[in-house]
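# Inside the fold
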Amino acid sequence: QQQVKQSPQSLIVQKGGIPIINCAYENTAFDYFPWYQQFPGKGPALLIAIRPDVSEKKEGRFTISFNKSAKQFSLHIMDSQPGDSATYFCAAPYGNKLVFGAGTILRVKS
Amino acid sequence: NAGVMQNPRHLVRRRGQEARLRCSPMKGHSHVYWYRQLPEEGLKFMVYLQKENIIDESGMPKERFSAEFPKEGPSILRIQQVVRGDSAAYFCASSPNRVVNTEAFFGQGTRLTVV
């Protein structure tokens with residue numbers, strides 16, 4: 001079965017806080033796990049991705065932590081800003097496609 | 001290098017009409033994916049195509065929906081005899097290789113409204 005469970009559904013943090021979004025996936029034969037950011041009325045934009053030969057990847061203020069044995073990975077946003085307010089989607093690879101989580105609506109209050 | 005281009009951005013169709021959505025992948029990308037997004041929901045896979053071939057259409061409704069990616073020109077997602085339930089945002093993504101191994105980039109989507 002191809003499921004990606006994402007939590008929380010929504011999240012509100014103060015500016016400067018560190019929102020954490022979690023994803024759990026089921027067995028997959030592939031090793032590529034991306035996160036996408038989507039603003040209202042726009043397409044999803046690739047934010048950061050990880051291959052599980054490493055447990056953590058950092059790009060700017062965005063960090064992915066990966067736990068292969070638990071089949072979980074999470075997105076951390078350091079020093080969050082109001083401009084980070086968006087919907088975030090994790091995805092896992094299955095067969096010929098990426099299967100997406102349901103999304104997390106993040107609001108960063110100034 | 002232009003990104004993934006989708007047109008039209010907005011499309012209004014009456015029930016029973018046909019909708020044609022176009023997607024031009026990024027330069028050098030030969031893999032195209034179509035996803036549908038309902039309001040307040042995630043992205044649902046529809047179909048995966050390479051040039052002139054449908055590789056995986058497991059997410060496509062069995063009736064009224066079809067997709068193609070000809071040798072020349074954009075990929076087309078075609079919805080015949082549209083119904084109100086087809087109203088959604090349709091996104092196209094492209095990648096240089098199979099998306100399970102590499103980055104996929106999305107277009108801005110086509111927002112279809114069926115009235």
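Refer to the preceding data block for the structure.
Residues numbered from 1 in each chain as written. Chains lettered and ligands numbered in written order. Predicted model: local features only at pLDDT ≥ 70, side-chain atom pairs only at ≥ 80, totals over all residues. Heavy atoms only, no water.

Bringing the state of the cysteines into the picture now. Two cysteines whose sulfur atoms are joined by a covalent bond form what is called a disulfide. Residues and elements named next belong to chain A. Per the counting criterion, the structure on display carries two disulfides over all chains. Bridging Cys23 to Cys90, the disulfide has an S-S length of 1.6 Å. Its torsion about the S-S bond being -80 degrees, the disulfide of Cys23 and Cys90 is classed as left-handed. Of this pair, Cys23 sits in strand β3 (residues 20-25) while Cys90 is found in strand β9 (residues 86-94), placing the two residues 67 residues apart along the sequence. (Disulfide = S-S within 2.5 Å. Helix = DSSP H or I, 4+ residues; strand = E, 2+ residues; numbered from the N terminus.)

Residues and elements named next belong to chain B. Turning to its location among the elements, Gln6 is positioned in strand β1 (residues 5-7). A C-alpha to C-alpha distance of 6.5 Å links Gln6 and Gln108, two positions 102 residues apart in sequence. Not counting chain neighbours up to four residues away, the residues in contact with Gln6 comprise Arg22, Cys23, Trp34, Tyr90, Phe91, Cys92, Gly107, Gln108, Gly109 and Thr110. Reaching out from Gln6, the side chain makes a polar contact with the backbone nitrogen of Cys92 at a distance of 3.0 Å. A distance of 3.0 Å separates the side chain of Gln6 from the backbone nitrogen of Gly109, its partner in a polar contact. (Contact = heavy atoms within 4.5 Å. Polar contact = N/O pair within 3.5 Å; in protein donor to acceptor, adjacent residues only side chain to side chain.)

What follows is about unusual backbone geometry. The amide bond that connects Ser7 of chain A to the next residue, Pro8 of chain A, takes the cis arrangement and shows omega of -5 degrees. By secondary structure assignment, the location of Pro8 of chain A is in the loop between β1 (4-7) and β2 (10-14). At the junction of Asn7 of chain B and Pro8 of chain B, the peptide bond is cis and its omega measures out at -5 degrees in the coordinates. By the element assignment, Pro8 of chain B lies in the loop between β1 and β2 (10-13). Even without being a glycine, Lys71 of chain A presents a positive backbone phi close to 55 degrees.

Counting residues in hydrophobic clusters, the biggest one holds 25 residues, and the most contacted among them are Trp35, Phe73, Leu75 and Tyr88 of chain A. For this core, the secondary-structure elements that each account for two or more residues are β2, β3, β4 (33-38), β5 (45-50), β7 (62-67), β8 (72-77), β9 and β11 (104-109) of chain A. When neighbours within four sequence positions are excluded, Leu75 of chain A is seen to be in contact with Pro19, Ile20, Ile21, Trp35, Leu47, Ile48, Phe62, Thr63, Ile64 and Tyr88 of chain A. Of all hydrophobic cores here, the second largest spans 23 residues; its members include Trp34, Tyr90, Cys92 and Leu112 of chain B. (Core = buried A, V, L, I, M, F, W, Y, C linked by side-chain atoms within 4.5 Å. Buried < 20%, exposed > 50% of the residue type's maximum accessible area, 1.4 Å probe, protein only.)

With that out of the way, let us pick up the interface of chain B and chain A. Opposite the 26 residues of chain B that make contact, chain A presents 21 residues. Summed over both partners, the interface of chain B with chain A comes to about 1800 Å²; 54% of that surface belongs to carbon and sulfur atoms. Three residues, Leu43, Val100 and Phe106 of chain B, lead the burial of chain B against chain A; their summed loss comes to 28% of the area buried on that side. Joining chain B to chain A, the criterion identifies seven residue pairs in polar contact (both at pLDDT 80 or more). Of all elements in the fold, only β4 (31-37), β5 (43-50), β6 (53-56) and β10 (105-106) of chain B reach the threshold of two or more residues within the side of chain B that touches chain A. (Buried area = accessible area lost by both parts, 1.4 Å probe.)

A few words on the environment of Ala49 of chain A. Within the secondary structure, Ala49 of chain A sits in strand β5. For Ala49 of chain A, the contacting residues outside a window of four places in its chain are Tyr32, Phe33, Pro34, Lys57 and Ile64 of chain A.

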